[in-house]
Amino acid sequence: MSGPFLVRLAFADDGTPAGHTTPAHAVPSHTVPAHYPADVAAPQLSVLDLGVTRGDGIFETISLGNGHLQALEPHLVRFAHSAAMLDLPTPDADHWRAAIVEVASHLVDPSGKPVDEGFVKIVMTRGVEGGSGSLLPGATTPTGWALAAVAPDHGPARRNGIRVILLDRGYRHDIAQTSPWLLAGAKTLSYAINRGVYREAARRGADDALFVSSDGFLLEGAVSNLVLKRGQTLLTPRTDLGILAGTTQADIFTWASGRGFATEYAMLTVDDLAGADAAWLVSSGRHAAPIRAVDGVERSIDTELTSEINAYLHARTE
Ligand code: PLP
């Protein structure tokens, strides 16, 4: 069956996994499992859930290639980092990993073989407002779930490339240091802007957008990181520029180092993009999508290197 499939995670009042640990009020493991299957077609959330009413929560999307969860541990580390930035309870990695592995195991074709490409999306919200979903840190029963589904077909974007527009994000490059309350660099559920930029791109005849800081530095895509090739060096914007530190970009850099490329985290400008030999937006789901136009100006794509990168990303087993 191809899903989607859902498991709900269960928490004790203080946000620790149900069925684990021993706070006085923890529920014994034999009555409430730490996670349990749920019907994806049935209503699951309270209308008072702060994830829904305020976008107050965090998420990760982990790709699956031939049944292998890819970059799972880096995703769990980033999930914990996002939780810390939002003063949410620290996600218990074992709790989440078990739910992810369980839900992913259902993504098989009719012969029982793992699907070629899938993903698991994990979400943790601050919980139900007025319940223990308090606005105060440390007093929250989160809502959590993991959903597994077959990936959409990213083949055309990987093969043909994407047309990108540059959009001013309206923040300086040092926003993460000057204004940490803006939560730049956390993977929060507040993605209305990230979705809106796709509509702006479509209005301008493009497929995607690349954010630029108000003081002129390249940042990230709507849901992706930028990688440039200049000679034998791969470059990406520094991860302290209020952007998400990408798991796919990190894996590409590890692979590229093994292939003799130098890799660099840098302050990059629009001129660097224009002068690069090749450019990609990279992310867990779509992998490496070569940029074939910027603001309507065509640029060449490196078909061979793109195929190599995507073959590597697809073949990852961890
Ligand atoms: N930047 C943003 C804003 C994202 O939402 C994402 C992924 O969804 C990325 C970058 C790429 O991260 P990853 O490669 O870990 O999927």
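Caption draft 1: Summary view of the sheet that holds strand β2 (residues 35–38). With respect to topology, six strands assemble into an open sheet ordered β2-β1-β6-β5-β3-β4, the strand pairing being antiparallel. Edge positions in the sheet fall to β2 and β4 (68–69), since each has one partner strand and no second. With respect to the sheet, helix α2 (residues 72–85) is in contact with β3 (57–65), β4 and β5 (117–125), its orientation differing from that of β3 by roughly 175 degrees.

Caption draft 2: Just the packing of aromatic side chains, in detail. Per the counting criterion, the structure on display carries five aromatic pairs. Taking 6.3 Å as the distance between ring centres and 45 degrees as the angle between the ring planes, the aromatic pair formed by F11 and W96 counts as tilted. With a gap of 85 residues between them, F11 in the loop between β1 (5–9) and β2 and W96 in helix α3 (residues 93–104) connect regions that are remote in the sequence. Taken as a pair, F11 and W96 share a single burial class, namely buried. A connected cluster of aromatic rings, assembled from ring pairs, spans F11, F79 and W96. Here K121 stacks its cationic end above the ring of F59, 4.9 Å away from the centre of that ring.

Caption draft 3: Layout of unusual backbone geometry. With a phi angle near 50 degrees, N66 is a residue other than glycine that sits in the positive phi range. Along the chain, the position of N66 falls in the loop between β3 and β4. Located in the positive-phi region is D295, a residue other than glycine, with phi close to 50 degrees. As for its placement among the helices and strands, D295 is situated in the loop between β14 (287–294) and β15 (297–298). Classification of D295 by relative accessible area gives partly exposed; the value is 42%.

Rules behind the numbers
Residues numbered from 1 in each chain as written. Predicted model: local features only at pLDDT ≥ 70, side-chain atom pairs only at ≥ 80, totals over all residues. Heavy atoms only, no water. Pairing = 2+ DSSP bridges. Helix = DSSP H or I, 4+ residues; strand = E, 2+ residues; numbered from the N terminus. Contact = heavy atoms within 4.5 Å. Axes fitted to C-alpha atoms, helices over the stretch in contact; angles between N-to-C directions. Phe/Tyr/Trp six-rings, centres within 6.5 Å; stacked < 30°, edge-to-face > 60°. Buried < 20%, exposed > 50% of the residue type's maximum accessible area, 1.4 Å probe, protein only. Lys NZ or Arg CZ within 6 Å of the ring centre and 35° of its normal.

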